[in-house]
Amino acid sequence: LPNVQKTTSLLTLPRPCLVIGCPGEKNTDILRPHPGFRVRVWELLDWSKQQDWRNARDEFKLETATALTGKLGEFKCIVFDGCHKWFEVILEAAKQEPFNQSERGKPDGRKYWANAYQDMKQWMDMGYYSNVPIVIWTVWASVEKDDPTAAEGTEEAKRKSVWPDYMGKFQRSAVGETSIVYQYMKNERSYWQVRPDSVIKGIGLRCPPEVAATLPHSVEAKWPELEKLLTK
């Protein structure tokens, strides 16, 4: 959720490290560059104005490719900060594509949602299949009803879970794409939860079953602590 030191915890990542703020993300600029730690902040987007969102989408795809192919330097770790904002840009851009319009020239939800999903997945695959050793995407958490169709006031309607704050089908399918941890604070310290439970469901480390069985519930939100688990 917000205000649990997600961005601050990036300072513990291995160097050299590059952090790129996604289009629309406002908080990456709390980080300051220092030796071995580079920060690139995307120009702020004004969501209140009509604009061609396809330009922002295409420019950030180029930025992503430039970073992942080593044209900005060799990095052990690259972070894309604020991916929930980036998904909104992808969705708005998909609405503006002519092939996602209805016969009346208005966005057709049956088309643009499907294209936005594919666009987001392909963008994450750029990092997943790159030669960069560690690629990280940060995203807000979202509290969702377990059964959106349950009648109001029923016990089923009260049951909720936490998932990545993407929209549509990608919210659930993203969990199968990468290892996902959940960051929270307790007694003024931040932690990464690595095992799902009855509420925090959309997380988990991709690892063999025998390793998964030995994982703790959480580790302190510092890269060396998580690395110990990942290197198993």
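Residues numbered from 1 in each chain as written. Predicted model: local features only at pLDDT ≥ 70, side-chain atom pairs only at ≥ 80, totals over all residues. Heavy atoms only, no water.

S.K.: Go over the environment of Glu63, please, and point to the residues and values.
M.R.: Along the polypeptide, Glu63 turns up in helix α2 (residues 53-68). Given a relative accessible area of 10%, Glu63 falls into the buried group. For the pair Glu63 and Cys22, spaced 41 residues apart in sequence, the C-alpha separation works out to 9.9 Å. If we ignore the near neighbours within four places in the chain, the residues touching Glu63 are Ile20, Arg40 and Trp42. A distance of 2.7 Å separates polar atoms of two side chains, one belonging to Glu63 and the other to Arg40. (Helix = DSSP H or I, 4+ residues; strand = E, 2+ residues; numbered from the N terminus. Buried < 20%, exposed > 50% of the residue type's maximum accessible area, 1.4 Å probe, protein only. Contact = heavy atoms within 4.5 Å. Polar contact = N/O pair within 3.5 Å; in protein donor to acceptor, adjacent residues only side chain to side chain.)

S.K.: Describe the nonpolar core, and please don't skip the residues or the numbers.
M.R.: Counting residues in hydrophobic clusters, the biggest one holds 34 residues, and the most contacted among them are Phe80, Met120 and Trp123. For this core, the leading source of residues is helix α3 (residues 83-96), giving eight residues. Every residue in contact with Phe80, bar those within four places of it in the chain, is listed here: Ile20, Cys22, Phe60, Thr64, Leu68, Trp123, Val135, Ile136, Trp137 and Thr138. Of all hydrophobic cores here, the second largest spans 20 residues; its members include Leu13, Phe37, Trp192 and Val194. (Core = buried A, V, L, I, M, F, W, Y, C linked by side-chain atoms within 4.5 Å.)

S.K.: Account for the sheet that holds strand β9 (residues 218-220), with residues named and values stated.
M.R.: Read from one edge to the other, the open sheet built from three strands follows the order β7-β8-β9, with strand pairing classed as antiparallel. Single-partner strands in this sheet number two, and they are β7 (182-186) and β9. Each adjacent strand pair in this sheet contributes to an overall mean axis angle of 35°, direction not counted. Across three bridges, the pairing between strand β8 (residues 189-193) and β9 is antiparallel. Note that in β9 the partner of Trp192 across the bridge is Val219. (Pairing = 2+ DSSP bridges. Axes fitted to C-alpha atoms, helices over the stretch in contact; angles between N-to-C directions.)

S.K.: So what's going on with the environment of Lys160? Which residues, and what values?
M.R.: Summarising the element assignment, Lys160 is placed in strand β6 (residues 160-164). Note on Lys160: relative accessible area 44%, which makes it partly exposed. If sequence neighbours within four positions are ignored, Lys160 has contacts with Val143, Glu144, Lys145, Asp146 and Val199.

S.K.: Can you explain the packing of aromatic side chains? Please cite residues and give values.
M.R.: Inspection of every chain in the model, using the stated rule, returns ten aromatic pairs. Residues Tyr182 and Tyr184 carry aromatic rings whose centres are separated by 6.4 Å and whose planes lie at 20° to one another, so their mutual orientation is stacked. Exposure remark for Tyr184: the relative accessible area of 19% places this residue in the buried category. An aromatic cluster is built from Trp42, Phe60, Phe80, Trp86 and Trp123, whose rings are joined through pairwise contacts. Between Lys85 and the ring centre of Trp140, over which it is positioned, the NZ or CZ distance is 5.9 Å. (Phe/Tyr/Trp six-rings, centres within 6.5 Å; stacked < 30°, edge-to-face > 60°. Lys NZ or Arg CZ within 6 Å of the ring centre and 35° of its normal.)

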